[in-house]
Amino acid sequence: MELTDARALVAGATGALGGAITAELAGRGARVALAGRDPSRLAHAVRTYPGAPTVRFDAYAPESCARAVRDASAALDGLDAVVIAFGTVAFGAASEVGDEVAEHLMAVNHLAPAAFCRAALGILCPGASIAAVTGVVAERPQPRMADYSASKAALSAWLNAVRREARSTGVRVLEIRPGHLDTGFAHRPVAGTAPPLPQGGDPRRLATAVADALETGAELLRSGPDKTPVVERRAR
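Quick caveat, the model's predicted, so the values are computed rather than measured.

Caption draft 1: Unusual backbone geometry, seen in detail. Look at arginine 144: it is not a glycine, yet its phi comes out positive at around 65°. Inspection of the secondary structure puts arginine 144 in the loop between strand 5 (129–133) and helix 5 (146–166). Phi at lysine 227 is positive, roughly 75°, even though this residue is not glycine. Positionally, lysine 227 belongs in the loop between strand 7 (220–223) and strand 8 (229–232). Among the residues examined, lysine 227 registers a relative accessible area of 39% and is labelled partly exposed.

Structure representation (structure tokens):
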């Protein structure tokens, strides 16, 4: 994909990682649309990108996610990439995390991103891409993060299946599977308290790798042992 003049929707553009991805795509010449939940944060973000379309969504309302894709496509006269970079986390033993919290994690971390991707698959043309952030917990679930790990693993499994379906249509599916990032994410859990964590990776460095992966049609972006982003042409 050539990012110059590419039309890209970033869901979660008001967050630390989504904001870094938006900046990287725009810096490479892409025309960006910003999707977020909070209207005031969207209004603040769009000041950096005058004229960029903004769309709101509620992760608890899948139809609003699909509508955000349709509205962004209408505003940009089509889409070449849809990047999903939002989520939430909870901490605590499985016996302590309530069913409502578990449901919330699955809704925000799996069902809402899937709704974005599902809508995009009905719009995107051959050569376009969808990309979504899962995380290292999708392959290495962690204690006291069972429900969070499960929600990310669900999205990872969904993306893997959809990737095989989409190959026949020419739409690429990129899974972004980073390790811990320095975004403040772990300090805003919906439940519990984060355990001691190592220094997180730089979200701007990951954003650069995301753009590289989109340009090369890669299927997986993961973190190496030294936290360096690794782009893989084919997902494992």
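Moving on from the model shown.
Caption draft 2: Quick look at helix 4 (residues 99–121). Its 23 residues place the ends of helix 4 31 Å apart at the C-alpha level, agreeing with the 33 Å of an ideal helix rising 1.5 Å per residue. At alanine 107, helix 4 shows its maximal kink, close to 40°.

Caption draft 3: Just the pattern of salt bridges, in detail. Tallied over the entire structure, the rule returns 13 salt bridges. The salt bridge partner of aspartate 212 is arginine 28, with a shortest N-O separation of 2.8 Å. With aspartate 212 in helix 6 (residues 203–216) and arginine 28 in the loop between helix 1 (16–27) and strand 2 (31–36), this residue pair connects regions lying 184 residues apart in the sequence.

Caption draft 4: Quick peek at the pairing of strand 7. In this structure, strand 6 (residues 172–177) lies alongside strand 7, joined through 3 bridges in parallel fashion. From the neighbouring strand, isoleucine 176 faces strand 7, where its bridge partner is leucine 221. As a crossover connection, the stretch from strand 6 through helix 6 into strand 7 is left-handed. As paired elements, strand 7 and strand 8 share 4 bridges and run antiparallel to each other. In the sheet register, leucine 220 faces strand 8, and the bridge partner there is glutamate 232.

Caption draft 5: Representation of the environment of alanine 107 in the model. Note on placement: alanine 107 falls in helix 4. A sequence separation of 36 residues divides alanine 107 from aspartate 71, and the C-alpha atoms of the two residues are 22 Å apart. Apart from the residues within four sequence positions on either side, alanine 107 is in contact with Ala59, Tyr60, Ala112 and Pro113.

Caption draft 6: Here's a closer look at the nonpolar core. Among the nonpolar cores identified, the biggest contains 36 residues, and Leu9, Phe57, Leu79, Ile84, Phe86 and Phe116 are the most heavily contacted of them. Among the secondary structure elements, those contributing two or more residues to this core are strand 1 (7–11), strand 2, helix 3 (62–76), strand 4 (81–84), helix 4, strand 5 and helix 5. Here this core gets 8 residues from one element, more than from any other, and that element is helix 4. When neighbours within four sequence positions are excluded, leucine 9 is seen to be in contact with Ala33, Ala35, Val55, Ala68, Val69, Ala72, Leu79, Ala81, Val82, Val83 and Phe116.

Caption draft 7: Seen up close, the sheet that holds strand 5. Taken in spatial order, the 8 strands make up an open sheet running 3-2-1-4-5-6-7-8, and their pairing is mixed. The sheet is open, and its two edges are formed by strand 3 (54–56) and strand 8, each paired on a single side. Within the sheet, the average angular offset between the axes of one strand and its neighbour, ignoring direction, is 15°. Pairing of strand 4 with strand 5, which is carried by 4 bridges, proceeds in the parallel orientation. Looking at strand 5, one finds that valine 82 is bridged to isoleucine 130.

Caption draft 8: View of the packing of aromatic side chains. As enumerated under the stated definition, the model contains 4 aromatic pairs in all. One aromatic cluster is present, formed by Phe57, Phe86 and Phe116 through successive ring pairs.

Caption draft 9: Looking closely at the packing of helix 3 against helix 4. The contact between helix 3 and helix 4 brings their axes to 8 Å, and the two run at 40°. Looking at the two axes, helix 3 sits oblique to helix 4. Helix 4 is crossed by helix 3, and the crossing has right-handed handedness. Across the interface between the two elements, Pro62, Cys65, Ala66, Ala68 and Val69 of helix 3 pack against Ala112, Ala115, Phe116, Ala119 and Ala120 of helix 4. In terms of residue class, the contact of helix 3 with helix 4 is made up of 10 nonpolar, no polar and no charged.

Here is what the cut-offs are and how they apply
- Residues numbered from 1 in each chain as written.
- Predicted model: local features only at pLDDT ≥ 70, side-chain atom pairs only at ≥ 80, totals over all residues.
- Heavy atoms only, no water.
- Helix = DSSP H or I, 4+ residues; strand = E, 2+ residues; numbered from the N terminus.
- Buried < 20%, exposed > 50% of the residue type's maximum accessible area, 1.4 Å probe, protein only.
- Expected span 1.5 Å × (residues − 1).
- Bend = angle between axes of the 7 residues up to and from the residue.
- Salt bridge = Lys/Arg side-chain N within 4 Å of Asp/Glu carboxyl O.
- Pairing = 2+ DSSP bridges.
- Right-handed = clockwise from strand over helix to strand, strands pointing away.
- Contact = heavy atoms within 4.5 Å.
- Core = buried A, V, L, I, M, F, W, Y, C linked by side-chain atoms within 4.5 Å.
- Axes fitted to C-alpha atoms, helices over the stretch in contact; angles between N-to-C directions.
- Phe/Tyr/Trp six-rings, centres within 6.5 Å; stacked < 30°, edge-to-face > 60°.
- Parallel < 35°, antiparallel > 145°, perpendicular 65-115°, else oblique.
- Left-handed = near helix turned anticlockwise from the far one by under 90°.
- Nonpolar A, V, L, I, M, F, W, Y, C, P; charged D, E, K, R; others polar.

Read these as spatial facts, not as claims about activity.
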